[in-house]
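Here are the chains, one letter per residue:
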Amino acid sequence: MDNITKIQKQTFRYYYQDGLAELAVGVLFTVIGLNLWLVSSAPQGTPLSLAAWIALPILTMGGIFWVQRFVKNHKESQVHPRTGYIAYDTQPNPYRWLIMGIPLLVALLAIIYSDSWLNHESVMGGILLCLILVSIGTRVNLWRLIGIGIFGLVLGITLAFLQINEHSGLAITYAAAGLALLLSGGVAWRRYLSQNPLPKDDPEAGND
Amino acid sequence: MTEKEHPINESWAGLASVDKLIHEPARLAVITILDSVESADFLYLQKATGLTKGNLSIHLQKLEEAKLIEIQKTFQGKYPRTLCKLTLKGKQGFKIYKKQMKGILGK
């Protein structure tokens, strides 16, 4: 890889290397996983089951909003004063629909045309997780994201072979991936804080 | 034949026409970073390039004078923030520079 490409990848990786985004997404996936577990285990038709179903979209949408706010606030207060600020290009990727559509199409085709282990929620969940994390991980050269993506896929397939209840399998896949992200994000965040102490004075002092 | 009668080999004439303002390693690193993002602040550029504050300031000043970057001084909370952004001239200049270097290095 030439030096210019290396520098550019390092710039993209900066957003992820403190581990904050992983931490927050890990919390969200774990909570969603627990909610899915409730959906799968609560007796059908009971208020608990109904509440769990209603909570799922609320938790997902609210969780996405919370992740954005959490990461933004902590980056402003903890990261930018230590290692600086980058505003990433806000121009939408013209291929974003393709990037999002292909994994969904793969999942849909697998549901329609498969007749055995592939047609299982945990496998679909694992495939989607793997595609998302591996694509981010390869773009920014973060091996831990790639590793967690592959872990999610392997877990999803394993759970399908174990013939666990559909919703339970998906719940375990998301909760396990969430815990893995929490752990790796937490370690990365701790390492970031120890390697980059908060400056005692104005970080730009001396820039005239 | 004297040196004057032997011009630089045409294959290497391109090297002489490369923008020396961009070609300087520290400034090249700054421009490469700014080309990848909307903007970056002084602290990030300093950490990423490893330059001292004074050294980086001088390079940013030269790039600003050549209108390759824009510098905006703002505040984030109680801390001042110097934001740097590549201008259109800077983006085009960097694009030309990369093309020239590819031609010279044969990649």
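Residues numbered from 1 in each chain as written. Chains lettered and ligands numbered in written order. Predicted model: local features only at pLDDT ≥ 70, side-chain atom pairs only at ≥ 80, totals over all residues. Heavy atoms only, no water.

This part covers the overall build of chain B. Along chain B, the regular secondary structure elements total six helices and three strands. Along the chain direction, N to C, the helices and strands of chain B fall in the order α-α-α-β-α-α-β-β-α. Looking at chain B as a whole, 38% of its 107 residues are labelled buried. Taking contacts inside chain B between residues at least 6 apart in sequence as the whole, the part at least 24 apart equals 51%. Entry remark: accessible area of chain B is about 6500 Å², with carbon and sulfur atoms responsible for 57%. (Helix = DSSP H or I, 4+ residues; strand = E, 2+ residues; numbered from the N terminus. Buried < 20%, exposed > 50% of the residue type's maximum accessible area, 1.4 Å probe, protein only. Contact = heavy atoms within 4.5 Å. Areas by Shrake-Rupley, 256 points an atom, 1.4 Å probe, with all protein chains shown as cover.)

Attention now moves to the overall build of chain A. The number of helices and strands found in chain A is seven helices and one strand. Along chain A, helices and strands appear, N-terminal first, in the series α-α-α-β-α-α-α-α. When the 208 residues of chain A are sorted by exposure, 40% land in the buried category. In chain A, once contacts between residues fewer than 6 apart in sequence are set aside, the share between residues at least 24 apart is 77%. Taken as a whole, chain A presents about 11800 Å² of accessible surface, with 68% of it coming from carbon and sulfur.

Moving on, we get to the sheet that holds strand E1 (residues 86-87) of chain A. Strands sit in the order E1(A)-E1(B)-E3(B)-E2(B) across an open sheet of four strands; the sheet is antiparallel. Looking at strand neighbours, the two that pair on one side only are E1 of chain A together with strand E2 (69-76) of chain B, the edges of this open sheet. Pairing analysis gives two bridges linking strand E1 (residues 39-41) of chain B to strand E3 (residues 79-86) of chain B, with the strands arranged antiparallel. Bridge assignment links Ala40 of chain B to a residue of E3 of chain B, and that residue is Cys84 of chain B. Seen against the sheet, helix H3 (residues 25-36) of chain B touches E1, E2 and E3 of chain B and runs at an angle of roughly 85° to E3 of chain B. (Pairing = 2+ DSSP bridges. Axes fitted to C-alpha atoms, helices over the stretch in contact; angles between N-to-C directions.)

Time to look at the interface of chain B and chain A. Size of an interface, as often reported, equals the accessible area lost when the parts are brought together. Counting from both sides, the interface comprises 25 residues of chain B and, opposite them, 28 residues of chain A. Both sides of the chain B and chain A interface together cover about 2400 Å² of buried area, and 56% of this is carbon and sulfur. The three residues of chain B that bury the most area against chain A are Leu43, Tyr44 and Tyr79 of chain B, which together make up 25% of that side's buried surface. Joining chain B to chain A, the criterion identifies zero salt bridges. On inspection of chain B and its partner chain A, the count reaches four residue pairs in polar contact (both at pLDDT 80 or more). Elements represented by at least two residues in the side of chain B that touches chain A include exactly H3, E1, helix H4 (42-49), helix H5 (53-65), E2, E3 and helix H6 (88-105) of chain B. (Buried area = accessible area lost by both parts, 1.4 Å probe. Salt bridge = Lys/Arg side-chain N within 4 Å of Asp/Glu carboxyl O. Polar contact = N/O pair within 3.5 Å; in protein donor to acceptor, adjacent residues only side chain to side chain.)

Now for the packing of aromatic side chains. All names here are of chain A. According to the stated counting rule, one finds six aromatic pairs over all chains in the structure shown. The interplanar angle of 80° and the centroid separation of 5.1 Å between the aromatic rings of Tyr15 and Tyr16 together place this pair among those described as edge-to-face. For Tyr15, a relative accessible area of 29% translates into the label partly exposed. With a centroid separation of 6.2 Å and 85° between ring planes, the pair formed by Tyr15 and Tyr88 is classed as edge-to-face. (Phe/Tyr/Trp six-rings, centres within 6.5 Å; stacked < 30°, edge-to-face > 60°.)

Next up on the list: unusual backbone geometry. Unlike most non-glycine residues, Asn141 of chain A shows phi in positive territory, near 60°. With respect to the secondary-structure elements, Asn141 of chain A resides in the loop between helix H5 (121-140) and helix H6 (143-161). Looking at Asn141 of chain A, the relative accessible area reads 33%, which means it is partly exposed. Even without glycine at this site, Lys67 of chain B takes up a positive phi of about 60°. Looking at where Lys67 of chain B falls in the secondary structure, it is placed in the loop between H5 and E2.

It is worth spelling out the nonpolar core at this point. Formed by 33 residues in total, the largest nonpolar core has its most connected members in Leu34, Leu45 and Leu60 of chain B. For this core, the secondary structure elements donating two or more residues are helix H1 (3-17), helix H2 (20-41) and helix H7 (166-195) of chain A together with H3, H4, H5, E3 and H6 of chain B. With six residues, H3 of chain B is the single largest residue contributor to this core. Beyond its immediate sequence surroundings of up to four residues, Leu34 of chain B is in contact with Ala40, Leu45, Ile69, Cys84, Lys85 and Leu86 of chain B. In this structure, Ala21, Ile32, Leu142 and Tyr174 of chain A belong to the second largest nonpolar core, which totals 21 residues. (Core = buried A, V, L, I, M, F, W, Y, C linked by side-chain atoms within 4.5 Å.)

Moving on: the confidence of the model for chain A. The predicted model of chain A has a mean per-residue pLDDT of 84, with 81% of residues at 70 or higher. No element of chain A has a lower mean pLDDT than helix H4 (residues 96-113) of chain A, at 63, and none a higher one than E1 of chain A, at 93. (pLDDT = per-residue confidence, 0-100.)

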